[in-house]
Amino acid sequence: MIPSVRLSTAPAAFSGLNLRSKSASIPSISSLKPSKYVVSFLRPLYLTPLDGPHTAELKPRRQPLEFRCTASAADDNESKVEVVPVHSEGAQRLKISIYFATWWALNVIFNIYNKKVLNAFPYPWLTSTLSLACGSAMMLFSWATRLVEAPKTDLDFWKVLFPVAVAHTIGHVAATVSMSKVAVSFTHIIKSAEPAFSVLVSRFLLGETFPVPVYLSLLPIIGGCGLAAVTELNFNMVGFMGAMISNLAFVFRNIFSKKGMKGKSVSGMNYYACLSIMSLVILTPFAIAMEGPQMWAAGWQKALADVGPNVIWWIAAQSVFYHLYNQVSYMSLDQISPLTFSIGNTMKRISVIVSSIIIFHTPVRPVNALGAAIAILGTFLYSQAKA
């Protein structure tokens, strides 16, 4: 589109919206004959009569018209280009690597101290309660001192969070019960079957369908877990069922989280803090009913006699590191895709299994190790098939 300007045969200068002319009467471009005038639409823009009497005078005095036409500037080297800052790919990879390394390290430390506590003080209900209580106290202190901005929640938020907290509580206690009865490595081998539970629950209860490669990836998961369970030297049915119940509970926790937290503006750190607080409220009465202060007092005296004051440090460490590793995992989920998170979770189990075998000198048969490897490979294939 050419702007409507006025032109005279006298020398004229155009600059922006200011018009300077020696003539007061300037005809519009629409009234000019095409054979007499040529409009040059190069930048700077000059409107020059070809055969006027003052052509020679105009040339040294003409001024550019500062006019930007962005619609026709595709091939203009002087056109402005909007530059969108892009984060460095290397920096993003480094950030994700730090998240994963922190997540895995904290999880390994938690599992080691958790198993030490359960060996000396075999009360999984109280141990689970202390883990949630420690994390809740840490976050309440952070909110009170404004180290972390407190989340803005309402009654609807807590209503939506309730089923998530119930599932989280069941999964947490069931996993702790499992680790009190069997080796840490065995619990995590069985827990690597969580993707199979996820697919089965989504398929038969929610009506979701998946591609064929997803279903095929379940075969090595189920087969590997079954092989590892059959060849486990210290197999215990309570420990096995605890890990299976934990898988099922965490699947429902994830489903409730996805459905209930849509549109909520609570960060991963604060979301897990609220989850811990509600889980603590739910778990405390059940822990008292299942074990009770009398059993705890007797067990505490025995633990002090067998281990000494170290058991206090172990309980404090497992409680703190439980909260930290879960908090980092929720913070990681804010920064990475679900696929990357799933792969990271798979690799986390490998680090926990290997480290626990080394530290606790867990006897492992070759066929048992093969079953664990097959199950973990199936979990990795599942994450790829879901991509």
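The following refers to the structure shown. (Residues numbered from 1 in each chain as written. Predicted model: local features only at pLDDT ≥ 70, side-chain atom pairs only at ≥ 80, totals over all residues. Heavy atoms only, no water.)

Digging into the overall build of the protein
Now for step 1: Regarding its fold elements, the protein presents 13 helices and 4 strands.
Now for step 2: Counting contacts in the protein only where the partners sit at least 6 residues apart, residues at least 24 apart contribute 81% of the total.
Now for step 3: Accessible area for the protein stands at about 21,200 Å²; split by element, carbon and sulfur atoms hold 65% of it. (Helix = DSSP H or I, 4+ residues; strand = E, 2+ residues; numbered from the N terminus. Contact = heavy atoms within 4.5 Å. Areas by Shrake-Rupley, 256 points an atom, 1.4 Å probe, with all protein chains shown as cover.)

Let's talk about the packing of helix α2 (residues 89-120) against helix α4 (residues 155-181)
Now for step 1: Contact geometry for α2 and α4: axes closest at 9 Å, N-to-C directions at 65°. Classified by chirality, the crossing of α4 by α2 is right-handed. Contacts from N111, N114, K115 and L118 of α2 reach α4 at T176, M179 and S180.
Now for step 2: The residue makeup of the contact of α2 with α4, split by class, is 2 nonpolar, 4 polar and 1 charged. (Axes fitted to C-alpha atoms, helices over the stretch in contact; angles between N-to-C directions. Left-handed = near helix turned anticlockwise from the far one by under 90°. Nonpolar A, V, L, I, M, F, W, Y, C, P; charged D, E, K, R; others polar.)

Some thoughts on the packing of aromatic side chains
Now for step 1: Summed over all chains, the structure comprises 13 aromatic pairs.
Now for step 2: Aromatic pair Y113 and W313: ring centres 5.9 Å apart, planes at 85°, arrangement edge-to-face. One end of the pair, Y113, is in helix α2; the other, W313, is in helix α11 (residues 310-335), with 200 residues separating them in the sequence.
Now for step 3: Residue class for Y113 comes out buried when judged on its relative accessible area of 19%.
Now for step 4: Given the relative accessible area of 48%, W313 is considered partly exposed.
Now for step 5: Where F186 meets F235, the ring centres are 6.0 Å apart and the plane angle is 80°; that geometry is what we call edge-to-face. Of this pair, F186 sits in helix α5 (residues 184-191) while F235 sits in the loop between α7 (212-230) and α8 (237-260); the two residues are 49 residues apart in sequence, bridging distant segments of the chain. (Phe/Tyr/Trp six-rings, centres within 6.5 Å; stacked < 30°, edge-to-face > 60°. Buried < 20%, exposed > 50% of the residue type's maximum accessible area, 1.4 Å probe, protein only.)

A look at the pattern of salt bridges
Opposite charge on two side chains permits them to pair, given that their charged atoms come into close proximity.
Now for step 1: Counted under the stated rule, the structure contains 2 salt bridges.
Now for step 2: Residues R349 and E194 are paired through a salt bridge, measuring 3.8 Å at the closest nitrogen-oxygen approach. Pair noted here: R349 is in helix α12 (residues 338-360) and E194 is in helix α6 (residues 194-204), with a separation of 155 residues, a long-range link.
Now for step 3: Taking relative accessible area as the criterion, R349 reaches 6% and is therefore assigned buried. (Salt bridge = Lys/Arg side-chain N within 4 Å of Asp/Glu carboxyl O.)

Remarks on the side chain of R253
Now for step 1: Inspection of the secondary structure assignment puts R253 in helix α8.
Now for step 2: Buried and unpaired, R253 has no salt bridge, with E194 as the nearest side chain of opposite charge at 5.6 Å.
Now for step 3: R253 has contacts with V164, A167, H168 and Y330, leaving out every residue within four places of it along the chain. (Lys, Arg positive; Asp, Glu negative; His and termini not counted.)

Digging into a nonpolar patch on the surface
Now for step 1: Together, I170, F235, M237, M241 and I245 make up a nonpolar patch on the protein surface, roughly 450 Å² of accessible area in all.
Now for step 2: As for its position among the elements, I170 is in helix α4.
Now for step 3: Note on I170: relative accessible area 44%, which makes it partly exposed. (Patch = residues over 30% accessible without salt bridge, like charges linked within 9 Å, V, L, I, M, F, W, Y side chains within 5 Å.)

Focus: the environment of V199
Now for step 1: Tracing the backbone shows V199 in helix α6.
Now for step 2: It is 8.6 Å that separates the C-alpha atoms of V199 and L218, two residues lying 19 residues apart in sequence.
Now for step 3: With near-sequence residues (within four places) excluded, V199 lies in contact with F210, V214, Y215, L218 and Y382.

Remarks on the nonpolar core
Now for step 1: Among the nonpolar cores identified, the biggest contains 43 residues, and F121, L161, Y271 and L275 are the most heavily contacted of them.
Now for step 2: Mapped onto this core, the elements with two or more residues apiece are α2, α3 (124-144), α4, α9 (268-290), α10 (292-306) and α11.
Now for step 3: Residue contributions to this core peak at 10 residues, all from α9.
Now for step 4: If you look at the next biggest cluster of nonpolar residues, it comprises 20 residues, including V182, F186, V199 and V214. (Core = buried A, V, L, I, M, F, W, Y, C linked by side-chain atoms within 4.5 Å.)

Concerning unusual backbone geometry
Now for step 1: You will see that R146, though not glycine, has its phi angle at about 60°, which is positive.
Now for step 2: Mapped onto the elements, R146 comes out in the loop between α3 and α4.
Now for step 3: Here R146 falls in the exposed class, since its relative accessible area comes to 75%.
Now for step 4: Positive phi values are uncommon outside glycine, yet H361 reaches one of about 55°.
Now for step 5: Given a relative accessible area of 65%, H361 falls into the exposed group.

What to know about the side chain of T129
Now for step 1: Within the element layout of this structure, T129 appears in helix α3.
Now for step 2: Once you skip the residues sitting within four places of it in the chain, T129 turns out to touch L280, L283, T284 and A287.

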